[in-house]
Structures are given as structure tokens and as C-alpha cells.
Amino acid sequence: MPLRIGIDLGGTKIEGIALDGGRELARARVDTPRDDYDATLAAIVGVVHDLQRRVPADVSIPVGLGIPGTISSSTGLVKNANSTWLIGRPLQPDLEARLRRPVRVANDANCFAVSEAADGAASGAGVVFGVIAGTGVGGGLVVNGHIVTGANGIAGEWGHNALPWPDEDDRHSPLCYCGKRGCIETFLSGPALAADHERVTGVRLPPPEIVAAATRGDRVADATLQRYERRLARALASVINVVDPDVIVLGGGMSNIARLYTNVPPLWDAFVFACGGDLVRTRLVPARYGDSSGVRGAAWLWEP
Ligand SMILES: [Zn+2]
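Now for a look at the structure at hand. Predicted, not measured: the structure shown is a model, and the values here were computed from it.

Moving on, we come to the overall build of the chain. Of the regular secondary structure elements, the chain holds nine helices and twelve strands. The C-alpha radius of gyration computed for the chain amounts to 20 Å, which stays within 12% of the reference 19 Å derived for 304 residues, consistent with globular compactness. The principal-axis extent of the C-alpha atoms belonging to the chain is close to 60 × 40 × 40 Å. If you take every contact in the chain between residues at least 6 apart in sequence, the share linking residues at least 24 apart comes to 62%. Separation of charge centres in the chain, based on 30 positive and 33 negative side chains, amounts to 1 Å.

Moving on, we come to the packing of aromatic side chains. Scanning the model with the defined rule gives two aromatic pairs in all. Ring centres of W165 and F271 lie 4.9 Å apart, and the angle between their planes is 40 degrees; on these two criteria the pair is classed as tilted. Placement of W165 in the loop between β10 (146-147) and α4 (185-188) and of F271 in the loop between α8 (260-268) and β12 (283-286) is noted, with a sequence separation of 106 residues between them. Among the residues examined, W165 registers a relative accessible area of 39% and is labelled partly exposed. Lying over the aromatic face of W302, R104 brings its terminal NZ or CZ to 3.8 Å of the ring centre.

Attention now goes to the pattern of salt bridges. Tallied over the entire structure, the rule returns 19 salt bridges. In this structure, D119 and R296 form a salt bridge, with 2.9 Å as the shortest nitrogen-oxygen distance. Of this pair, D119 sits in helix α3 (residues 108-119) while R296 sits in helix α9 (residues 293-300), and the two are 177 residues apart along the sequence. As far as burial versus exposure is concerned, D119 and R296 are alike and both buried. Notably, a salt bridge pairs R227 with D196, separated by 2.8 Å at the nearest N-O pair. In this pair, R227 is assigned in helix α7 (residues 219-243) and D196 in helix α5 (residues 190-201), connecting sequence segments 31 residues apart. Judged by relative accessible area, which is 9%, R227 ranks as buried. Looking at D196, the relative accessible area reads 5%, which means it is buried. A single salt-bridge network, built from bridges that share partners, covers D167, D170, D196, R199, R227, R231 and R234.

Our focus in this paragraph is the side chain of E15. Structurally, the position occupied by E15 is in strand β2 (residues 13-20). The class of E15 is buried, set by a relative accessible area of 15%. A polar contact is formed between the side chain of E15 and the side chain of R29, at a distance of 2.8 Å. Residues within four places of E15 in sequence aside, it is in contact with G6, I7, D8, R27, A28, R29 and V295.

In this section: empty space enclosed by the protein. Across all of its chains, the model carries one cavity of 30 Å³ or more by this definition. Here the largest cavity is characterised by a volume of approximately 30 Å³. In terms of lining residues, the largest cavity is bounded by V131, A133, Y228, L232, L250, G251, M254, S255 and L260. When contributions to the lining of the largest cavity are tallied by element, the ones reaching two or more residues are β8 (127-133), α7 and β11 (247-251). For the lining of the largest cavity, a count of residues per class yields seven nonpolar, two polar and no charged.

Here the focus is α5. For α5, spanning twelve residues, the distance from its first C-alpha to its last is 17 Å, which sits close to the expected 16 Å at 1.5 Å a residue. Packing partners of the buried residues in α5 comprise α4, α6 (207-215) and α7. Regarding α5, its N-cap is S189, as a side-chain oxygen of that residue lies 3.1 Å from the backbone nitrogen of A192 further along. Once α5 finishes, G202 follows within two positions and takes phi at roughly 80 degrees, a positive value.

Reading guide: rules and limits
Residues numbered from 1 in each chain as written. Predicted model: local features only at pLDDT ≥ 70, side-chain atom pairs only at ≥ 80, totals over all residues. Heavy atoms only, no water. Helix = DSSP H or I, 4+ residues; strand = E, 2+ residues; numbered from the N terminus. Rg over C-alpha atoms; globule rule 2.2 N^0.38 Å. Contact = heavy atoms within 4.5 Å. Lys, Arg positive; Asp, Glu negative; His and termini not counted. Charge placed at Lys NZ, Arg CZ, Asp CG, Glu CD. Phe/Tyr/Trp six-rings, centres within 6.5 Å; stacked < 30°, edge-to-face > 60°. Buried < 20%, exposed > 50% of the residue type's maximum accessible area, 1.4 Å probe, protein only. Lys NZ or Arg CZ within 6 Å of the ring centre and 35° of its normal. Salt bridge = Lys/Arg side-chain N within 4 Å of Asp/Glu carboxyl O. Polar contact = N/O pair within 3.5 Å; in protein donor to acceptor, adjacent residues only side chain to side chain. 1 Å grid on protein atoms, 1.4 Å probe; cavity = no way out; pocket = protein on both sides within 12 Å on 5 of 7 lines; lining within 4 Å. Points joined across faces, edges and corners; volume = space filled by probe spheres on them. Nonpolar A, V, L, I, M, F, W, Y, C, P; charged D, E, K, R; others polar. Expected span 1.5 Å × (residues − 1).

The structure is reproduced here in C-alpha cells:
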């Protein structure tokens, strides 16, 4: 198998990995120089050179890069990045010039999805929808091993659609940083779960403590998680109705809530179109590679 380097450019860390097929040969990690574009480029180049030195190769290893945003297909510049110092920058050609090799760039949620489709929890599946639910909510779509980027580079970004089929519990319709109200992200991110629990109970708890309380038999915490599960089921049913994935893979901090995998699929049946009497075959599974899916997926960008 050919050697590849994957880089995951995050808001706080830059992770790098050298893969031989699916096998990890080396890994590197540095802090992201926040608010400094040139220093960010230099840090990425440093990680690539470090990895290149540590693996047995006498040629330049191809580099894939996952970013918290997308490359505009009309301008070639970075857009939609929450790491705002990247926005409007020609990241790809700048890196190619400094590394003297071609670099493939993709959105980090797309990298996550392609990693899990390649040799992770959705290995062998035809249509895979990857969801990262953590501080935000993002998604990526992979069909037959290939990322679907789309005409605007936003395929899979369902976190800023409105939460579908809202019920009594959803009327407060939170304001989203994107400027709209009631986005899926404002109900399904980690901070959204904590805020929802606080809205009902007056007590602010991080999501792992809400889960622990529910496990101990706390009915109020359990009700918070049941609201979360109903919202996730409706949000995913709207994905199933559009792209009909074989597998939906969950990543990010919220994917550690084990009960989601048993509780959510029975709830989405009522919202998936015309499933009456017919089983919904879509599977909901946790990511195999966890936090490493992003960096592994960046390396997988060089799959032909
Ligand atoms: Zn939004």
C-alpha cells in the first residue's frame, strides 16, 4: 500500500499521521498558532517534515489536510471556517508551494466520514453519513468510498438546517451563531444538551454528568436525554429521507453516549418516509477511530 500523510487542522491542535494503508506508522501533534495564518502554515509544514523523516520513504509522501471549513469551488479560498484566521486564504496553493508536492484538502467532517467508510465502523457500506456532534454539529457524506463535496462544498452540513418536526419541547428555538434560530446544532451539540438540561432544571451540568445521573436513575436527567434522543432521531430521519444511507456513524463527544445507539433508531421509524411495516435498514453506529478519524481520513483523501 502507498504511504500517505494526513493532517487534521483543528482550532487548538494540529494532528499528523503517517499511514501505510490503514496501518499507523507515526504520529505528531503541535498546538495551532491561533490567529496567525503564516505561523499556521509553518506549523503544518513542520508536522509534515517531522512525519516524513520518521518513515521509510525516499520520495515525498502525498499529504491530505482536513480543515474546519471548506475550500470555495469558485474562488479556491477557505470559507465557513470557525478558525476565522483561515477565511479568505489560499491555503491549498500556499501549502503546496511550501511542501513542494500536491496537497488535497477537505472539510474535517468529510475526513471523518471517509475514514470510517474506508476501514472504520462503516467499512464496506455503500452510502455513509458521518456526524460529528461535539462543540458543534457537522456532517459528511461518502458514497462508494468517495466524499460527496457538492456544488457549493457544503454537502452533509445539515447542522444548520432547522430541527424538523418540532414539538412542544422545542418551542424555545435557540439563536444560532450562524444568525438563524432553531438550527439542529443548537439542539444537538454538547453545549446545547447542557443548556437544555439547565433550561428545565436550573442546574448546569456537562453532558457526561447528565449521562451519569441518568444511569443512576435520576429521572430529570433521563428526561433530558430522552428529549435529546427524540431530536436526534428526527434530525437523522430527515437525512435518511434525502440520502438513505446504509450506515450513519456518530463521532465527537456526544458519540460516547452509549444509549443513543439503542434508543434512537426505534424513534426515527415514525419519521422515515413510508416505512410502515417495512424495517428501516439504516444502522446507527459509533465511530471506530474516535478522535483519530479526522486525521486518518485526511490521509485517506489520497485513495484513488
Ligand atoms: Zn445555525
